[in-house]
Amino acid sequence: MPDERADRATTLRDRWRDWRNGLSINPAFQRWAARFPLTRPVARRRAQALFDLTAGFVYSQIAYACVTSGLLDALAKRPHSISDLERVVDLDMAGTERLVKAAVALKLAEPAGGDVFALGVEGAALLGAPGVAAMIEHHRLLYADLADPIGLLRRGGGGGALSGYWPYAEGGEGGTSGPYSGLMSASQAMVAAQVLEAYPIRRHQRVMDVGGGDGTFLRAVAGHAPQLALALFDLPPVAERARARFAAEGLALEATGGSFFTDSLPQGADIITLVRILHDHDDDKAMILLRAIRAALEPGRTLLIAEPMAQVSGCERVGDAYFGLYLLAMGSGRPRSVAEIRKMLGVAGFTSSREVRTPLPMIASLIVARA
Ligand SMILES: C[S@@+](CC[C@H](N)C(=O)[O-])C[C@H]1O[C@@H](n2cnc3c(N)ncnc32)[C@H](O)[C@@H]1O
C-alpha cells in the first residue's frame, strides 16, 4: 500500500509539472498571461527573473567596475557631478556617463539632481556588508574560469585562475596564503555574526578553530566571550600570521601549524569550530578531517560546523549553483546538505548532531555535533 501511494504522488507531481511546463513554454500562453490583468503581475515577475538569469553576468561586471574604479567609494563620501566622477573613475565623459547610468539602473547609484549622483540603496548595502566588495573583486578569477563552464565541468574542475589562488585546493600546502587569508578575513565578520547569534558559545571554556585562518573568527569570539581560552590550527604560514596578529594586539592565542590531513590536532578544546572549511574538500578528505576532529575531542565535547550549505530552503542558489561551480573552479570540495553532513558526522564517530538555525543561512548554516 505505501508504495502505491508513493507512485500516485509521483504521478500527480509529474502531471502537474507537465501541465505547468506545457503552459510556460507556449508563446501564445505567455502573450495571453502578459495581457490578462490577473496573470500580468506574475508574467512580469517571471519575465524579469528570466532576464536576470540571462543578464546576471553583465550586472556582476557592472558591480565589478563600480567597485574597482572607486565609483562607489567616492559616492559614499558625498554626491558627485559627472565631471568630478570622470577624474575618480579615470574614464572620459562618455564612459563615465555609461557606467553611472548602469549603476543607477542597478540601484548602486541614484540621481541627486542635475548631473549629480549619490550612492544608491544597493550601493550602500554593498559597502555596508563587510567583505562583499572584496568578494566582487575576487570574482575576476572565478569568471575567467567560468568563461567556458562546459570545459570546466568536462575536465572535472580546477586547473584555472581560481585554483592558483587557493593553493591547498589541489593538494599543495605551499603557495601563497596571504591573498586568500586577507579575503577570508574581510568576509569573516558576516559569518561570525551568524555563529555568535545562533549558538551560545559562552557556555564553553576552550575553543579551537580548525582552519582558523588569520584568527578573525576567534577575534570575534574574544569580543563576544572574553573569558574563553582560544586556540587555532591552520597550515604553518597561516598559523604564524594569526600568532603575530594576536601578539600585536595583546591577545592570547595558542596557534598550532600543521595539516589536518596528516598531523594530529591538539587536544584539550571543549569545542572545535570548523568555519567555511568542510565544503573546501572532497568527500574522502572531508572524512579524514572529521575523524581527526573526533579523535581530538573527549566524548561529549562539541564540534560546530558553519558554512553555506546546499538545499537550504530559500537559499538554493547559494549552495548548488554558486558554491557548486565556485568549488569546482577552485579544484576541490562541494557544497553539502545538512543531511549529508550529519550522515558523515555519524560515520566519523560523532554520537549525535543537529542543525541550528541562523538568521541568514545564505551566509552560513550551522550543525552542532557531540563527540
Ligand atoms: C576557506 S578558508 C577559511 C578560513 C576561516 N575559517 C574563515 O572562515 O575565514 C580555509 C582555511 O583552511 C586552511 N587549510 C586548508 N588546508 C588545510 C590543511 N590541510 N590543514 C590545516 N588548515 C588548512 C587554509 O589555510 C584556510 O585558512
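As the structure is a prediction and not an experimental result, all values here were calculated from the model. (Residues numbered from 1 in each chain as written. Predicted model: local features only at pLDDT ≥ 70, side-chain atom pairs only at ≥ 80, totals over all residues. Heavy atoms only, no water.)

Quick notes on helix H16 (residues 338-347)
Residues of H16 that are buried include every one of Val338, Ile341, Met344 and Leu345, and no others. The buried residues of H16 occupy an angular sector of 130° when the element is viewed end-on, so they sit on one face. Of the residues in H16, the exposed ones pointing more than 90 degrees away from the buried face are Ala339, Lys343 and Val347. Residues of H16 that are buried sit in contact with helix H14 (283-296), strand S8 (302-307), strand S9 (352-356) and strand S10 (365-370). Just downstream of H16 lies glycine 349, where phi reads positive at about 105°. (Buried < 20%, exposed > 50% of the residue type's maximum accessible area, 1.4 Å probe, protein only. Helix = DSSP H or I, 4+ residues; strand = E, 2+ residues; numbered from the N terminus. Arc of directions from axis to C-beta. Contact = heavy atoms within 4.5 Å.)

A look at the UniProt feature "active site" (unreviewed entry) in the chain
When the UniProt feature table is mapped onto this chain numbering, "active site" (unreviewed entry) sits at His279. For histidine 279, the position within the fold is in the loop between strand S7 (271-275) and H14. With residues near it in sequence (within four places) discarded, histidine 279 still touches Glu307, Pro308, Phe323, Leu327, Ser332, Gly333, Arg334, Pro335 and Arg336. (UniProt positions renumbered as here; feature names shortened; annotations may be inferred.)

Observations concerning H14
Compared with an ideal rise of 1.5 Å per residue, which puts 14 residues at 20 Å, H14 spans 20 Å between its outermost C-alpha atoms and is within 8% of the ideal. Along H14, the residues classified as buried are Ala286, Met287, Leu289, Leu290, Ala292, Ile293 and Ala296. If you follow the buried residues of H14, they end up packed against strand S4 (206-210), S7, S8 and H16. (Expected span 1.5 Å × (residues − 1).)

Side note on the packing of aromatic side chains
Enumeration according to the criterion identifies 11 aromatic pairs in this entry. Centroid distance tyrosine 322 to tyrosine 326: 5.8 Å. Interplanar angle 35°. Geometry classified as tilted. Pair noted here: tyrosine 322 and tyrosine 326 are both in helix H15 (residues 316-330), with a separation of 4 residues, about one helical turn. By relative accessible area, which is 28% here, tyrosine 322 ends up partly exposed. A network of ring pairs unites the aromatic residues Tyr165, Trp166, Tyr168 and Tyr180 as a single cluster. One residue, lysine 285, lies across the ring of phenylalanine 261, its end atom 4.7 Å from the ring centre. (Phe/Tyr/Trp six-rings, centres within 6.5 Å; stacked < 30°, edge-to-face > 60°. Lys NZ or Arg CZ within 6 Å of the ring centre and 35° of its normal.)

Focus: the sheet that holds S8
The strand order across the open sheet formed by 7 strands is S6-S5-S4-S7-S8-S10-S9, and the pairing between neighbours is mixed. Two strands in the sheet have a free side with no partner beyond their single neighbour: strand S6 (254-257) and S9. Between one strand axis and the next, the sheet turns by 20° as a mean value, whatever way the strands run. Bridge count for S9 against S10 is 5 bridges, and the pairing is antiparallel. (Pairing = 2+ DSSP bridges. Axes fitted to C-alpha atoms, helices over the stretch in contact; angles between N-to-C directions.)

Some thoughts on the packing of helix H11 (residues 178-198) against helix H12 (residues 216-224)
Close contact between H11 and H12 brings their axes to 8 Å; oriented N to C, the two are set at 45°. The angle between the axes of H11 and H12 places the two elements in the oblique class. Here H11 and H12 pass one another in a crossing that is right-handed. Contacts between H11 and H12 pair Ser185, Gln188, Ala192, Val195 and Leu196 from the former with Thr216, Phe217, Ala220, Val221 and His224 from the latter. Here the residues of the contact of H11 with H12 are counted per class, giving 6 nonpolar, 4 polar and no charged. (Parallel < 35°, antiparallel > 145°, perpendicular 65-115°, else oblique. Left-handed = near helix turned anticlockwise from the far one by under 90°. Nonpolar A, V, L, I, M, F, W, Y, C, P; charged D, E, K, R; others polar.)

Brief notes about the pattern of salt bridges
For the structure on display, the rule yields 12 salt bridges. Where arginine 243 meets glutamate 240, a salt bridge forms, and the shortest distance between an N and an O atom there is 2.4 Å. A residue pair is termed a helical-turn pair when its members lie 3 or 4 positions apart in one helix, as arginine 243 and glutamate 240 do in helix H13 (residues 236-248) at 3 residues. The residue arginine 245 makes a salt bridge to glutamate 249 at a minimum N-O spacing of 3.8 Å. Because the salt bridges share partners, they merge into one network encompassing Asp214, Arg219, Arg245 and Glu249. (Salt bridge = Lys/Arg side-chain N within 4 Å of Asp/Glu carboxyl O.)

Observations concerning unusual backbone geometry
Note on backbone geometry: most residues besides glycine have negative phi, and most peptide bonds are trans. Although it is not a glycine, aspartate 90 adopts a positive phi angle of roughly 60°. One can find aspartate 90 in the loop between helix H5 (82-89) and helix H6 (93-105). By relative accessible area, which is 67% here, aspartate 90 ends up exposed. If you check the backbone angles, lysine 107 has positive phi at about 65° while not being a glycine. Structurally, lysine 107 is set in the loop between H6 and strand S2 (109-111). According to the relative accessible area criterion, lysine 107 is partly exposed, its value standing at 48%.

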